[in-house]
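Notes for the structure review
Letter by letter, the chains look like this.
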Amino acid sequence: MTAKFPKNFLWGGAIAANQVEGAYNADGKGLSVADVMPRGILNSEPVLNGELGDFPYHTAIDFYHTYKDDNALFAEMGFNCLRLSIGWSRIFPNGDDAEPNEAGLQYYDDVFDDLLSKGMQPVVTLNHYDLPLGLVTKYGGWRSRELITAYERYCKTVFTRYQSKVKIWMTFNEINCVLHAPFTAAGLVFKEGENKLQLQFQAAHHQLVASALAVKACHEIIPDAKIGCMIAAWPTYPDTCNPDDTLKAMAKDRQMLFFGDVQARGYYPSYAKRLFRENGFEIEMATGDEAILKQYAVDYVAFSYYMSQVESADPDRREKTGGNLMGGLMNPYLKASEWGWQIDPKGMRIILNQLYDRYQKPLFIVENGLGAIDSVNADDSISDDYRIDYLRDHLQQVAEGIADGVELMGYTTWGPIDLVSASTGEMKKRYGFIYVDKDNEGQGTGRRLRKKSFYWYKDVIATNGEEL
Ligand code: BGP
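On a predicted model such as this, the values are computed, not experimentally measured, just so you know.

Focus: the UniProt feature "active site" (unreviewed entry) in the chain
Per the UniProt record, the feature "active site" (unreviewed entry) sits at Glu367. Secondary-structure assignment places Glu367 in strand β9 (residues 363-367). When sequence neighbours within four positions are dropped, the list of residues in contact with Glu367 reads Ala14, Ser304 and Trp414.

A look at the environment of Glu319
Locating Glu319 in the fold gives a position in helix α14 (residues 315-321). The exposure class assigned to Glu319 is exposed, which follows from the 10 C-beta atoms found within 10 Å.

What to know about helix α4 (residues 63-76)
Along α4, the helix axis deviates most sharply at Asp69, where the bend reaches about 40°. Turning to α4, its buried residues are Phe63, Tyr64, Tyr67, Asp70, Asn71 and Phe74. Lining the buried residues of α4 we find β1 (10-14), α1 (17-20), β2 (81-85) and α6 (102-117). Positive phi shows up at Gly78, right after α4, with a value of about 95°.

Details of helix α10 (residues 196-221)
In a regular helix each residue adds 1.5 Å, so 26 residues correspond to 38 Å; α10 covers 37 Å between its end C-alpha atoms and thus fits that length. The buried count for α10 comes to 19 of 26 residues, which makes it a mostly enclosed element.

Considering the packing of helix α15 (residues 345-359) against helix α16 (residues 385-403)
Relative orientation of the contacting elements α15 and α16 amounts to 30°, with a least axis distance of 8 Å. It follows from the interaxial angle that α15 and α16 lie roughly parallel. At the point where α15 passes α16, the crossing takes the right-handed sense. Seen from α15, the contacting residues are Pro345, Lys346, Met348, Arg349, Leu352 and Asn353; seen from α16, they are Asp393, His394, Gln396, Gln397, Val398, Glu400 and Gly401.

Concerning the sheet that holds strand β3 (residues 121-125)
The strands making up a sheet are joined through hydrogen bonds of the backbone, oriented either antiparallel or parallel. Pairing within the closed barrel is parallel, and its 8 strands lie in the order β1-β2-β3-β4-β5-β7-β9-β10. Between one strand axis and the next, the sheet turns through 30° on average, direction left out of account. Strand direction decides the pairing type here: β2 and β3, joined by 5 bridges, are parallel. Bridging across to β3, Cys81 finds its partner in Gln121.

Here's the deal with the pairing of strand β5 (residues 226-233)
The buried count for β5 comes to 7 of 8 residues, which makes it a mostly enclosed element. Relative to β5, strand β4 (residues 168-170) is paired through 3 bridges, and the arrangement is parallel. Looking at β5, one finds that Ile168 is bridged to Lys226. Strand direction decides the pairing type here: β5 and strand β7 (residues 300-305), joined by 6 bridges, are parallel. In the sheet register, Ile231 faces β7, and the bridge partner there is Phe303.

Focus on the nonpolar core
Grouped together as the largest cluster of nonpolar side chains are 140 residues, with contacts concentrated most on Cys229, Val301, Phe303 and Leu363. Per element, the largest residue contribution to this core is 13 residues, and it comes from α10. Those residues in contact with Cys229 that lie beyond four places of it in its chain are Met170, Thr171, Ile175, Ser211, Phe259, Gly260, Gln263, Ala264, Val298, Val301 and Ala302.

A closer look at the pairing of β9
Among the 5 residues of β9, 5 are classified as buried, and the element is accordingly described as predominantly covered. Looking at chain direction, β7 and β9 are connected through 4 bridges and run parallel. When the sheet's bridge partners are listed, Phe303 is paired in β9 with Ile365. The parallel pair β9 and strand β10 (residues 408-414), bridged by α16, forms a crossover whose chirality is right-handed.

Side note on the packing of α16 against helix α17 (residues 452-462)
The interhelical angle for the contact between α16 and α17, taken along N-to-C directions, is 25°, at an axis separation of 8 Å. In this view, α16 runs roughly parallel relative to α17, as classed from their interaxial angle. Here α16 runs over α17; the crossing is right-handed. Seen from α16, the contacting residues are Asp385, Arg387, Ile388 and Leu395; seen from α17, they are Lys452, Ser453, Trp456 and Val460. Tallied by class, residues from the contact of α16 with α17 come to 4 nonpolar, 1 polar and 3 charged.

Things to note about unusual backbone geometry
Even without being a glycine, Ala23 presents a positive backbone phi close to 45°. Position of Ala23 among the secondary structure elements: in the loop between α1 and α2 (40-43). Backbone geometry places Asp380, a non-glycine residue, at a positive phi of 75°. Tracing the backbone shows Asp380 in the loop between β9 and α16.

Regarding the confidence of the model for the chain
The predicted model of the chain averages 96 in pLDDT, with 98% of residues at 70 or higher. Here the predicted complex carries an ipTM of 0.98, next to a pTM of 0.97.

Definitions and limits used
- Residues numbered from 1 in each chain as written.
- Predicted model: local features only at pLDDT ≥ 70, side-chain atom pairs only at ≥ 80, totals over all residues.
- UniProt positions renumbered as here; feature names shortened; annotations may be inferred.
- Helix = DSSP H or I, 4+ residues; strand = E, 2+ residues; numbered from the N terminus.
- Contact = placed C-beta atoms within 7 Å.
- Buried ≥ 20, exposed ≤ 12 C-beta atoms within 10 Å, placed from the backbone.
- Bend = angle between axes of the 7 residues up to and from the residue.
- Expected span 1.5 Å × (residues − 1).
- Axes fitted to C-alpha atoms, helices over the stretch in contact; angles between N-to-C directions.
- Parallel < 35°, antiparallel > 145°, perpendicular 65-115°, else oblique.
- Left-handed = near helix turned anticlockwise from the far one by under 90°.
- Pairing = 2+ DSSP bridges.
- Core = buried A, V, L, I, M, F, W, Y, C linked by C-beta atoms within 7 Å.
- Right-handed = clockwise from strand over helix to strand, strands pointing away.
- Nonpolar A, V, L, I, M, F, W, Y, C, P; charged D, E, K, R; others polar.
- pLDDT = per-residue confidence, 0-100.

This is the structure in structure tokens:
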């Protein structure tokens, strides 16, 4: 099938401030939750009172200083957009300072100007896994309602400042990951005896209200902008046709869909009540919260997609098959990456249809890609055919989804340039079309090299996806 992508389709890549910029304390920036994670979400606990060592996010790939050259490489591939995030603690070093930090504001002015001058529209995530640490030490992260006020002020500041430059926004990266990575996604640290799930959903409630207020502010300040939510999406398959497995899979699905349900439809889904009750808690809401959620639903639904998962009602099955990253089972029909993330291109078509059927709002794939170990050949070339295969297989399914009738705004691959991994803090888990000469210990020249996939993606974009 020749793939048919819409005219004006957004093609590009996606990065996040904390995983590329480095310069973690430059020009008045405050610390963020990422700056105190020595080795990513899976391999470390936050260092809250100790010495900060030589952490990978402190220097990352130095995009803070190299953005002009890196943007030139993105432009060379033909990107018409770049998804990137604003580091909140560059703008408000402690998260809730009386005045914003002008140097931080100026930095993103420069980055956006550079992108626009190179023909790329900035697609901006307001908060991508780098909550200002000050809001954790002062308020306990998103467990506190105070963060709604701080976030709203931060959003209004950047909407006002960048109103002529940024027309596509999203509120929180992978908002559902408050359930999977509570410190990174919401600055949550639990005390002994606390009901973790309760706190996670309470924090989520605060984020959901904050997200709705960001939608309101965005529409008021930049009437021609679109603002969306962003969820980490994956289809969940039942292990067998045993109805108990299907019920398990449905429950898992709802952990993800809950967030989209509130943000895109504007109200708590009916199943949430039972979930809260059976776990022994209620969500504390302030008067007016529900009205805010209802009135300010998002314009579009963005999501990341890397893998699918399998659920079984039988606890012994997990032991036998081994678990996947999100706590599901391994799927015998699928291969996995070197990090055990199971590769499922058809899952992309399934999730596109599932989300579109449910929300009937434009979708935007803002992350997809393969983390792999690359090696550099003697002539500096990198033969990453495995990455091309992964992306081609997924894009073919994206095209199927479009043919199914899904309204899709665009596709940005995760990490078009190698960057620091969120889950492991490693450099060697590479996603890029552009290789960065830097290893896990932060050693290397930082030199950029074009991989084979660079030229492949360039052709994909040049033909608007007709040649995959
Ligand atoms: C998503 C995050 C990204 C990113 C990506 C790949 O969950 O939004 O920040 O890093 O996953 O994950 P990893 O870096 O762990 O390979």
